[in-house]
Amino acid sequence: MNNEKKPTIPEIMKHRMTLSFEVFPPKQDKPLDPLMEVLDKLYTVEPDFISCTYGAGGTNVGRHMEICKSIAESGKTIPISHFTCIGSHREDIKKQMDTCLSLGINHILVLRGDIPEGWEGTRGDFQHASELIGFLREEYGDKFVLSMAAAPEKHIEAATFAEDIAHLKMKQDSGADFITTQLCYDVQGFERWLDKIRKAGIYIPVDVGIMPVLNKNSVIKMCLGTNGCSIPQPLAEMISKHYNDDPEDFRKAGIEYTVKMVYEYMALGVQGLHFYSLNKADAVLEICKDCGLIYRK
């Protein structure tokens, strides 16, 4: 048995840019096999980690843990388990964290989570991710590597950029190890945000979330219907130019756009690229190949 301690994600980021992916579990009544096939394809490029999300209000947590366990057992990469404040109480959190450690899962993306419609607050012991991060640090010391979320264009619930950056600072100071950002198509806006957080004393590594441009309706929905993100002029022009294309032609144009965007992020010196795969391995692997990321090691 190999007991050699493997480097954590922040340790890897000290030496080079990381490559990673996010997947999500299928619904309870759907088979896991298609996602396992996606994971097998993603493993071929030796990602530094793969994160797994779950639904609002903690739905699908069981399948989420199945996937994280499978990633850990594969030995191919580091699994990151999402964990939210929603409905989470101290003793239950400790049980779930102990389970994670027993399964070899020691990297957690700590989130407040999207509050389901009709709920008031998180219905848990913690109202903010910073509180949950602090609790995990107090209870577990350095047994976990903790990632925190950030919205480069400001969280839609924050009144101002200053308020949002203050919350980011609190999460870092509570014990977060690195940042994973929400999707952001506005690279220039991201650069301004990066400068602001560094000036505010937020020094931990930044892993930028990349949402590939594959379908015009998905882009519009994710930006305007879900996350409050902008569609910058170059992307708006690309969508308009290919608006009436068939889906495959739009996908090709979108991949080309995404590749150029990835290059721009790389030029900013980000510590990691985190692709929101939407459980579509072929598209993100094509992007990685076109960017030369497959041959980065």
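Not measured: the values here are computed from a predicted model.

Cut-offs applied
- Residues numbered from 1 in each chain as written.
- Predicted model: local features only at pLDDT ≥ 70, side-chain atom pairs only at ≥ 80, totals over all residues.
- Heavy atoms only, no water.
- Pairing = 2+ DSSP bridges.
- Helix = DSSP H or I, 4+ residues; strand = E, 2+ residues; numbered from the N terminus.
- Axes fitted to C-alpha atoms, helices over the stretch in contact; angles between N-to-C directions.
- Contact = heavy atoms within 4.5 Å.
- Core = buried A, V, L, I, M, F, W, Y, C linked by side-chain atoms within 4.5 Å.
- Buried < 20%, exposed > 50% of the residue type's maximum accessible area, 1.4 Å probe, protein only.
- Salt bridge = Lys/Arg side-chain N within 4 Å of Asp/Glu carboxyl O.
- 1 Å grid on protein atoms, 1.4 Å probe; cavity = no way out; pocket = protein on both sides within 12 Å on 5 of 7 lines; lining within 4 Å.
- Points joined across faces, edges and corners; volume = space filled by probe spheres on them.
- Nonpolar A, V, L, I, M, F, W, Y, C, P; charged D, E, K, R; others polar.

**Q** Describe the sheet that holds strand β7 (residues 206-210), with residues and values.
**A** The parallel closed barrel is built from eight strands, whose spatial order is β1-β2-β3-β4-β5-β6-β7-β8. Recorded for the sheet is a direction-independent mean angle of 25 degrees between the axes of neighbouring strands. Contacts from helix α3 (residues 61-74) reach β1 (18-23), β2 (49-52) and β3 (78-84) within the one sheet, and its direction differs from that of β3 by about 160 degrees. Against the sheet, helix α5 (residues 129-140) touches β3, β4 (107-111) and β5 (145-150), its axis set at about 145 degrees to β4.

**Q** Any chance you could break down unusual backbone geometry for me, citing the residues and the numbers?
**A** Phi angles above zero are rare outside glycine, and K154 is one such case at about 85 degrees. With respect to the helices, strands and loops of the structure, K154 is situated in the loop between β5 and α6 (161-174). Although it is not a glycine, N279 sits at a positive phi angle of roughly 60 degrees. Relative to the helices and strands, N279 is located in the loop between β8 (272-276) and α11 (281-291).

**Q** Account for the nonpolar core, with residues named and values stated.
**A** In this structure, F21, Y265 and F275 are the most contacted members of the largest nonpolar core, which totals 82 residues. Sort the elements by how many residues they give to this core and helix α10 (residues 247-267) lands first, with eight residues. Discounting residues that sit within four places of it in the chain, F275 has contacts with L19, S20, F21, E22, I210, P212, V262, V284, I287, C288 and L293.

**Q** Requested: an account of the pattern of salt bridges, with residues and values cited.
**A** Oppositely charged side chains are able to pair whenever their charged atoms sit close together. What the rule picks out here adds up to 14 salt bridges. Of the charged contacts in the structure, one is a salt bridge between R251 and E286, with a shortest N-O distance of 3.4 Å. Of this pair, R251 sits in helix α10 while E286 sits in helix α11, and the two are 35 residues apart along the sequence. Close ionic contact of E256 with K260 constitutes a salt bridge, the shortest N to O distance being 3.7 Å. With E256 and K260 both in helix α10 and four residues apart, the pair spans about one turn of that helix. The network of salt bridges with shared partners includes E91, K94 and E139.

**Q** Account for empty space enclosed by the protein, with residues named and values stated.
**A** Following the criterion strictly, the structure yields one cavity of 30 Å³ or more and no others. Of the volumes computed, that of the largest cavity is approximately 40 Å³. For the largest cavity, the full set of lining residues is Y54, V61, H64, M65, S81, H82, F83, Q96, M97 and C100. Listed by contribution, the elements that provide at least two residues to the lining of the largest cavity are α3, β3 and α4 (90-102). Here the residues of the lining of the largest cavity sort into six nonpolar, four polar and no charged.

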